[in-house]
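Descriptive analysis of the structure
What follows is the residue order along each chain.
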Amino acid sequence: FLVNMYVYIYDNFLRQKNFLSLIHIMEVILTDYGIAGKILRLQNYTDSKTIIEDEIKRGAKTIVIVGNDATFGQVLSRSATSDCTFGFLPVGPNNTIAEVLGIPVGVEACTVLSRRRKEFLDVGWMNNRYFVSQLKVMPAKLEVVYDERFKVTATDKMEVIVCNLQPFFWKKDKRDKEAHIVHPQDGKLEAFIRPLTKSGWWGYKYEDPSIFPFEEMTIAGKEAFAVEADGKLSKEVKVKIKLAHSKVEMIVGRDRKF
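First, a word on what this report is: a plain description of the structure on this page. None of these values were measured; they are calculated from a predicted model.

Some points on the overall build of the protein chain
- In terms of regular secondary structure, the protein chain is built from five helices and 19 strands.
- For the protein chain, whose C-alpha radius of gyration is 20 Å, the value lies close to the compact-globule estimate of 18 Å for 258 residues.
- Referenced to the eigenvectors of the C-alpha coordinate spread, the extents of the protein chain come out at roughly 65 × 40 × 35 Å.
- In the protein chain, the share of contacts with a sequence separation of at least 24, taken over all contacts with a separation of at least 6, comes to 68%.

Here it is as structure tokens:
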């Protein structure tokens, strides 16, 4: 009886016709490298933590997420504390985290996986749940206190984006050709706070974001505001965000950004 050391978690969108041949090629390459493994498919209601814990009990050592930013966030936000090494095979569009990790999208990611170069990654923690890529507080009237020393408020609404692994892209306005990209650093989370100014009849205009590296932050509103963490939406009146004690062990590429 051979214990399967590798378990691959496929996102549901990979069933689409346009991904089938690529996935097939990747599976052949993984077999050639001797790292093929059990394949599990994510359904919308799947609790990845339970599946992963079961596989670890059966002897799995490496859990490989196959998909995009959303897949990465969905799996890791639930199972960031699992005792295993994580790998990532980015497939398809919406892959910004892959670049930070130095993993090419598609076939070449298999080579990175086979080399097993490992790093520990920071995990964010918010109101008793984890997030690994990004947390976004939709524009609202907020008060932000970070590292218990500094308070940030705006005359009207502001938006707060906290980056861990997912870079933050922003444009000053529609005419702005280049998106400004900020890559998260290590050992701290980065918050991008953008006040919105009322501009005439047309609603609001974004100001330039201010960037605050922090270790702990509290965001409070007089009314409930929307928060999206790793793709999961919730309504909160107050959120406490900080670095989690645990880190995730991840297989990364040589060209990683940290």
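Quick notes on the sheet that holds strand β3 (residues 62-67)
- Taken in spatial order, the six strands make up an open sheet running β2-β1-β3-β4-β19-β5, and their pairing is mixed. The outermost strands of the open sheet, each flanked by one partner alone, are β2 (38-41) and β5 (118-121). Direction aside, the axes of adjacent strands within the sheet are offset by 30 degrees on average.
- Two strands pair when backbone bridges link them, and strand β4 (residues 85-90) and strand β19 (residues 248-251) are joined in this way by two bridges, in the parallel orientation. Residue Phe86 lies in a different strand from β19, and its bridge partner there is Met250.
- Against the sheet, helix α1 (residues 17-32) engages β1 (6-10), β2, β3 and β4, with an angle of about 175 degrees to β1.
- Lying on the sheet, helix α2 (residues 48-57) is in contact with β1, β2, β3 and β4; it crosses β2 at an angle near 165 degrees.

As for the nonpolar core
- Counting residues in each nonpolar core, the largest one holds 49 residues, and the members touching the most others are Tyr8, Val66, Phe72, Phe86, Leu89, Leu101 and Met250.
- Met250 has contacts with Phe72, Leu76, Phe86, Gly87, Phe88, Leu101, Arg117, Lys118, Glu119 and Leu121, leaving out every residue within four places of it along the chain.

So, helix α3 (residues 69-79)
- Counting buried residues in α3 gives eight out of 11 residues, a clear majority hidden from the surface.
- Restricting attention to buried positions, one finds in α3 the residues Asp69, Thr71, Phe72, Gly73, Val75, Leu76, Ser77 and Ser79.
- By the N-cap criterion, in which a side-chain oxygen at the helix start approaches the backbone nitrogen of a residue two or three places on, α3 is capped by Asn68, the distance to Ala70 being 3.1 Å.

Let's talk about α2
- Looking at α2, one finds that the buried residues are Ser48, Ile52, Glu55 and Ile56. Down the axis of α2, the buried set is contained in an arc of 100 degrees. They therefore lie on one face.
- Contact partners of the buried residues in α2: β1, β2, β3, α3 and β4.
- If you check the start of α2, you find a side-chain oxygen 3.0 Å away from the backbone N of Lys49, and it comes from Asp47.
- Of the residues flanking the end of α2, it is Gly59, one or two places downstream, whose phi is positive at about 110 degrees.

Rules used in this analysis
Residues numbered from 1 in each chain as written. Predicted model: local features only at pLDDT ≥ 70, side-chain atom pairs only at ≥ 80, totals over all residues. Heavy atoms only, no water. Helix = DSSP H or I, 4+ residues; strand = E, 2+ residues; numbered from the N terminus. Rg over C-alpha atoms; globule rule 2.2 N^0.38 Å. Contact = heavy atoms within 4.5 Å. Pairing = 2+ DSSP bridges. Axes fitted to C-alpha atoms, helices over the stretch in contact; angles between N-to-C directions. Core = buried A, V, L, I, M, F, W, Y, C linked by side-chain atoms within 4.5 Å. Buried < 20%, exposed > 50% of the residue type's maximum accessible area, 1.4 Å probe, protein only. Polar contact = N/O pair within 3.5 Å; in protein donor to acceptor, adjacent residues only side chain to side chain. Arc of directions from axis to C-beta.

Just geometry here; none of it tells us what the structure is for.
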